[in-house]
Amino acid sequence: MSVNRHAQSEAAAGRHGRAPRNPAVVIDNVTMVYNVTSTGGGEEVPVAAPVRWARKALGRPPVVKNQALTDITLAIHQGEFVGFIGRNGSGKSTLMNIVAGQMNPTIGRVYSVDTPVKLGVNVSLVPALSGEKNIRLGCLAQGMHPDRVDEILPDLVEVAALGNAIHWPMKAYSSGMAARLRFAVATATDPHILILDEALSTGDAQFRERGQKRMAEIREQAGCVMFVSHSMSEIRDMCTRVVWLDQGDLLMDGDPKTVTAEYEAFMKDLAAGNNFAARARKEQLQSDFVRTELREVQW
Ligand SMILES: Nc1ncnc2c1ncn2[C@@H]1O[C@H](COP(=O)(O)OP(=O)(O)OP(=O)(O)O)[C@@H](O)[C@H]1O
């Protein structure tokens, strides 16, 4: 595997003499560039001259490059619960979509030991059917045997915690209620790799508590969870490791307390208009970042 940036926590694990763990996902040198139409400048995507003239004649704005991720390399191990944080537009969802296989990176590759399950993506639910029927359908769609579905249905109904609404058609659900149902379906098969992008944000305290419990169970079975959130308390409570992305760059990767403290200080600087201090902090973090290799990753 190629030489790249490597997680600080990996280096820390090595320093502390911990045994190497089995990777579940390896993100190898991933860069993502979107093409967007822009009326306000930016680096134009090179196109043949006739196409450029035609776009101009038709009054279409030029297509420019928008770099969402730059050279991201990470190894995520079985049993890890990795939080992804960063301000809006830093590339968290883009990275989750790439790991989930929803889009291909412009450069780089993602390797995983199993098909990642991203909440709300792997199974489409039917609005006209009841919550219970949707859970059943979702489990069957994920390849579960009907007998097994019967067996675990009561547990999944409990995870969804929808009360009598479990018998209502899904189209009558609020966004938080639908999120509960999707969560129950996505976690039904004990996924090896679970991706949650702001999954708990629409839920109330009860759902968050049950959701956290369920995710802890998945982690205990040596599954890994990749979790995007803007809630630092949620990140600190749940994650074993935190990755901070900023404007497409990997700024920090380490233990939740340290990374969230740095992130909060950075955001505080920005909120107070101390852009100079925030930039200096970012530059310092970038220069401190341990560049090493993924060579020791053993499948
Ligand atoms: N479909 C798209 N087409 C063009 N650019 C996109 C597209 N999706 C995302 N982007 C751009 O990619 C960058 C990263 O966006 P992304 O949604 O991954 O960030 P994020 O960290 O998840 O943000 P948020 O915290 O706001 O959800 C942004 O500059 C955004 O404008």
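Notes on the structure follow. Treat the numbers as computed from the prediction; the structure is a model and nothing was measured. (Residues numbered from 1 in each chain as written. Predicted model: local features only at pLDDT ≥ 70, side-chain atom pairs only at ≥ 80, totals over all residues.)

**Overview of the overall build of the chain**
Consideration 1: Across its full length, the chain holds 10 helices and 9 strands.
Consideration 2: Buried positions account for 35% of the 299 residues belonging to the chain.
Consideration 3: Within the chain, residue pairs in contact and separated by at least 24 positions form 74% of the contacts whose partners lie at least 6 positions apart. (Helix = DSSP H or I, 4+ residues; strand = E, 2+ residues; numbered from the N terminus. Buried ≥ 20, exposed ≤ 12 C-beta atoms within 10 Å, placed from the backbone. Contact = placed C-beta atoms within 7 Å.)

**Description of the sheet that holds strand 1 (residues 23–37)**
Consideration 1: Pairing is antiparallel in the open sheet, where 3 strands are placed in the order 2-1-4. The open sheet has two edge strands with one neighbour each: strand 2 (63–77) and strand 4 (107–112). Within this sheet the neighbouring strands show an average axis-to-axis angle of 20°, counted without direction.
Consideration 2: Pairing of strand 1 with strand 4 involves 5 bridges; the strand directions are antiparallel. Bridged to threonine 31 within strand 4 is isoleucine 107.
Consideration 3: Taken strand by strand, helix 3 (residues 92–99) contacts strand 1, strand 2 and strand 4, and its axis lies near 120° from that of strand 1. (Pairing = 2+ DSSP bridges. Axes fitted to C-alpha atoms, helices over the stretch in contact; angles between N-to-C directions.)

**Looking at the pairing of strand 7 (residues 224–228)**
Consideration 1: Of all the 5 residues making up strand 7, 5 are buried; the element is thus mostly covered by neighbouring parts of the structure.
Consideration 2: The alternating pattern of strand 7 places Cys224, Met226 and Val228 and Val225 and Phe227 on opposite faces, both of which are buried.
Consideration 3: Examined bridge by bridge, strand 3 (residues 81–85) and strand 7 share 4 bridges and lie parallel to one another. Each bridged residue has a counterpart across the sheet, and for valine 82 the counterpart in strand 7 is methionine 226.
Consideration 4: In this sheet, strand 7 lies alongside strand 6 (residues 193–197) in parallel orientation, the contact comprising 5 bridges. If you follow leucine 194 over to strand 7, its bridge partner there is valine 225.

**Some thoughts on unusual backbone geometry**
Consideration 1: Look at aspartate 190: it is not a glycine, yet its phi comes out positive at around 50°.
Consideration 2: Along the chain, aspartate 190 falls in the loop between helix 6 (175–186) and strand 6.
Consideration 3: Even without being a glycine, glutamine 247 presents a positive backbone phi close to 45°.
Consideration 4: Following the sequence through the fold, glutamine 247 ends up in the loop between strand 8 (241–246) and strand 9 (249–254).

**What to know about the sheet that holds strand 3**
Consideration 1: With mixed pairing, the 6 strands of this open sheet are ordered in space as 5-6-7-3-8-9. Two strands bound the open sheet, and with one partner strand each, they are strand 5 (117–118) and strand 9.
Consideration 2: Where strand 5 meets strand 6, 2 bridges bridge the pair, whose relative direction is parallel. Along strand 6, the bridge assignment pairs valine 117 with leucine 194.
Consideration 3: Where helix 9 (residues 256–271) meets the sheet, it contacts strand 3, strand 8 and strand 9, and its direction lies at approximately 25° from that of strand 8.

**Thoughts on the environment of glutamate 43**
Consideration 1: One can find glutamate 43 in the loop between strand 1 and helix 2 (49–57).
Consideration 2: Measuring from C-alpha to C-alpha, the distance between glutamate 43 and asparagine 66 comes to 8.3 Å, with 23 residues separating the pair along the chain.
Consideration 3: With residues near it in sequence (within four places) discarded, glutamate 43 still touches Val64 and Lys65.

**As for the site of the ligand**
Consideration 1: Every residue lining the ligand is accounted for by Tyr34, Val36, Asn66, Ala68, Gly86, Asn88, Gly89, Ser90, Gly91, Lys92, Ser93 and Thr94.
Consideration 2: The set of elements that each furnish at least two residues to the shell around the ligand consists of strand 1, strand 2 and helix 3.
Consideration 3: Looking at the shell around the ligand, the element that brings in the most residues is helix 3, giving 3 residues. (Near = placed C-beta within 6 Å.)

The values reported here are purely geometric and, on their own, carry no functional implication.
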